[in-house]
Amino acid sequence: MNSLQIEGRYPLKGKVVVSGCKNTALAVLPAVLLTKGTIILKNVPDIVDVQTMVALLRDVGVEVEYLDKHVVKFTIYDDVEWNIKSIKASSIRGSLFLLGPILARMGRIALPYPGGCNIGTRPIDLHEKGLRILGYDIETTSGYIYGRKTRDTKGDLIYFDFPSVGATENLLMAAALTTGYTVIENAAIDPQVVSLSAFLNRIGVKISGIGTRKLVIEGRQKPYEVGTVEWTIPGDYLEAGTFMLYAAGITGSKVHITPAYRGFLIPLIAKLEDMGINVVREDGGVTVYGNENLSPVRIKTLPFPGFPTDLQPIIGTLLTQANGESVVQELVHDRRLGYVNYLLRMGADITTLGQSTAIIRGKTPLFGTEVKAENLRAGAALILAGLLANGTTHVKDMYHVYRGYEDIVGKLQTLGAHVQVIVDES
Ligand code: EPZ
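Residues numbered from 1 in each chain as written. Predicted model: local features only at pLDDT ≥ 70, side-chain atom pairs only at ≥ 80, totals over all residues. Heavy atoms only, no water.

Engineer: Account for the pairing of strand S7 (residues 136–141), with residues named and values stated.
Structural biologist: Bridge analysis of S7 against strand S8 (residues 144–149) gives six bridges, and the strand direction is antiparallel. Bridged to Glu 139 within S8 is Tyr 146. Connecting S7 to the next strand, S8, in antiparallel fashion are two residues, including Ser 142 with a positive phi near 45 degrees. (Pairing = 2+ DSSP bridges. Helix = DSSP H or I, 4+ residues; strand = E, 2+ residues; numbered from the N terminus.)

Next comes the structure, spelled out in structure tokens:
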């Protein structure tokens, strides 16, 4: 295991180029299972969760070749394996996105129950509901999800009472290989859903309503013959947002983050400007200037285009440095305030109300100590805490962070952060 040692209070200066979007990659890679032919994906992030997904695709029979570090060639012709035995599938949430494409292509599936960040119960009832409406039999038992096509399988109307990102993605892919028209009402419209929809259109799936809460898919039984298709994964808006928040808290910081698509970052940019942070949009990215005179704000995480839950731990950490009382409400996941305990250990003044609300009082100096990344975004938040803190901070269990941020240590060092990796004997 390794940890990150951080000497705090050094301003960040320079430019960071964000990698391909993790959550888009974790949806687009399984989507190759809808095709026959060759797909070349560019700007694929070199992160652990993508490596796990590549291994799962190889396990089910997809030929995968790295043409370079970020360009990956997928070739698929014959049927794929539907009985997935690999325990790798239970290590990431993204393996759930194998459900829709394999079930629709092969007519059956046995998939280990997915894993992922420990940020709440993370049910899959909407995935199951949507597939049952299309006529698939779904049963979850003994740590597996079993699915089977029935004679009634056909396109139909699906309504999600919560705009689940994963359920929208799974049903988009299942509907693509299910004969007839499928309508998804109250679909998620997060950036990764819009990107997946664009990719599906590129391989020949007929989808209308992209970017809206109502998606219409004209499905068919046969896989999509693609010949050879090339497609580029957009930059990661959550990585961009993470570095924007890193730059914001220390006077003297000036960081240009690119690419940073305004459409994906509107909720964050609005909050940063409310806090008094200067965000300049230029050259396809943004430049963020550090400011130690921050105003408190209220944060409510909501499905896109509300404030993104995945940036909640990181802005919550920054708000310890605002002059006044901020309120953070986590309304998407039911247990995503675990990072607060470590901030308290560093000197923060925070009161939590139940599992979803934190009252954060500032401006409170933080002091370095040993903390632990318990999941991906909590780890990213504790890195910010170390950058803001007086003295030295050790963030243990950095493997959680490497799941979703490519070369985050190198990028921080390039910006002048005093960080280094320490190999833990334990
Ligand atoms: C995706 O997870 C992301 N992961 C998460 O990012 C992100 O936090 C989440 O969307 C919300 O934006 C990937 O894309 C790989 P959901 P997912 O289905 O698909 C309810 C990160 O840090 N729900 O929208 O699991 C439940 O309350 C990760 O990059 C149901 O009730 O998100 C859940 O908490 C963490 N039934 C909420 O929706 C269901 O069947 C959000 O889940 C599914 C979801």
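Engineer: Kindly report on the pattern of salt bridges, identifying the contributing residues and their values.
Structural biologist: Counted according to the given criterion, the structure contains nine salt bridges. Here Glu 239 ties to Lys 411 by a salt bridge, and the two come within 2.6 Å at their closest N and O atoms. A residue pair is termed long-range when its members are at least 10 positions apart, and Glu 239 in helix H7 (residues 237–248) and Lys 411 in helix H13 (residues 408–414) qualify at 172 residues. Like Glu 239, the residue Lys 411 is buried in the burial classification. Between Asp 349 and Arg 361 there is a salt bridge, and its shortest N-O distance comes to 3.0 Å. Of this pair, Asp 349 sits in strand S19 (residues 349–353) while Arg 361 is found in strand S20 (residues 357–362), placing the two residues 12 residues apart along the sequence. A relative accessible area of 35% places Asp 349 in the partly exposed class. (Salt bridge = Lys/Arg side-chain N within 4 Å of Asp/Glu carboxyl O. Buried < 20%, exposed > 50% of the residue type's maximum accessible area, 1.4 Å probe, protein only.)

Engineer: Got a sec to walk through the sheet that holds strand S6 (residues 108–112)? Specific residues and values, please.
Structural biologist: With antiparallel pairing, three strands are arranged side by side in an open sheet as S6-S8-S7. Across the chains shown, the open sheet's two edge strands, defined by having one partner strand only, are S6 and S7. Each adjacent strand pair in this sheet contributes to an overall mean axis angle of 10 degrees, direction not counted. As judged from the five bridges shared by S6 and S8, these two strands associate in the antiparallel manner. (Axes fitted to C-alpha atoms, helices over the stretch in contact; angles between N-to-C directions.)

Engineer: If you had to explain the site of the ligand to someone new, which residues and values would you point to?
Structural biologist: Taken together, 25 residues are adjacent to the ligand, and Asp 125, Leu 126, Ser 164, Asp 310 and His 333 come closest. Asn 23 is positioned with one of its side-chain polar atoms (N or O) 3.1 Å from an oxygen atom of the ligand. Take Pro 123: an N or O atom from its main chain is 3.3 Å from an oxygen atom of the ligand. Relative to its free-state accessible area of 820 Å², the ligand is covered by the protein chains to the extent of 91%. The pocket occupied by the ligand, as judged from atoms lying within 2 Å of grid points, is the largest pocket. Only helix H1 (22–31), helix H4 (125–133), helix H5 (165–176) and helix H11 (376–388) provide two or more residues apiece to the shell around the ligand. Among the residues making up the shell around the ligand, the classes are represented as 10 nonpolar, seven polar and eight charged. Shared between two domains, the shell around the ligand takes at least three residues from each, and those domains are domain 1 (29–232) and domain 2 (235–422). (Near = heavy atom within 4 Å. Polar contact = N/O pair within 3.5 Å; in protein donor to acceptor, adjacent residues only side chain to side chain. Areas by Shrake-Rupley, 256 points an atom, 1.4 Å probe, with all protein chains shown as cover. 1 Å grid on protein atoms, 1.4 Å probe; cavity = no way out; pocket = protein on both sides within 12 Å on 5 of 7 lines; lining within 4 Å. Sits in = over half its atoms within 2 Å of the grid points. Nonpolar A, V, L, I, M, F, W, Y, C, P; charged D, E, K, R; others polar. Domains from an automatic or database assignment.)

Engineer: Provide a residue-level description of the packing of H7 against H11, including the pertinent values.
Structural biologist: Relative orientation of the contacting elements H7 and H11 amounts to 20 degrees, with a least axis distance of 10 Å. Comparing the axis directions of H7 and H11 gives the class roughly parallel. Read as a crossing pair, H7 and H11 show a hand that is right-handed. Contacts between H7 and H11 involve Leu 238, Thr 242, Leu 245 and Tyr 246 from the first element and Arg 377, Ala 380, Ile 383, Leu 384 and Leu 387 from the second. Partitioned by chemical class, the residues of the contact of H7 with H11 number seven nonpolar, one polar and one charged. (Parallel < 35°, antiparallel > 145°, perpendicular 65-115°, else oblique. Left-handed = near helix turned anticlockwise from the far one by under 90°. Contact = heavy atoms within 4.5 Å.)

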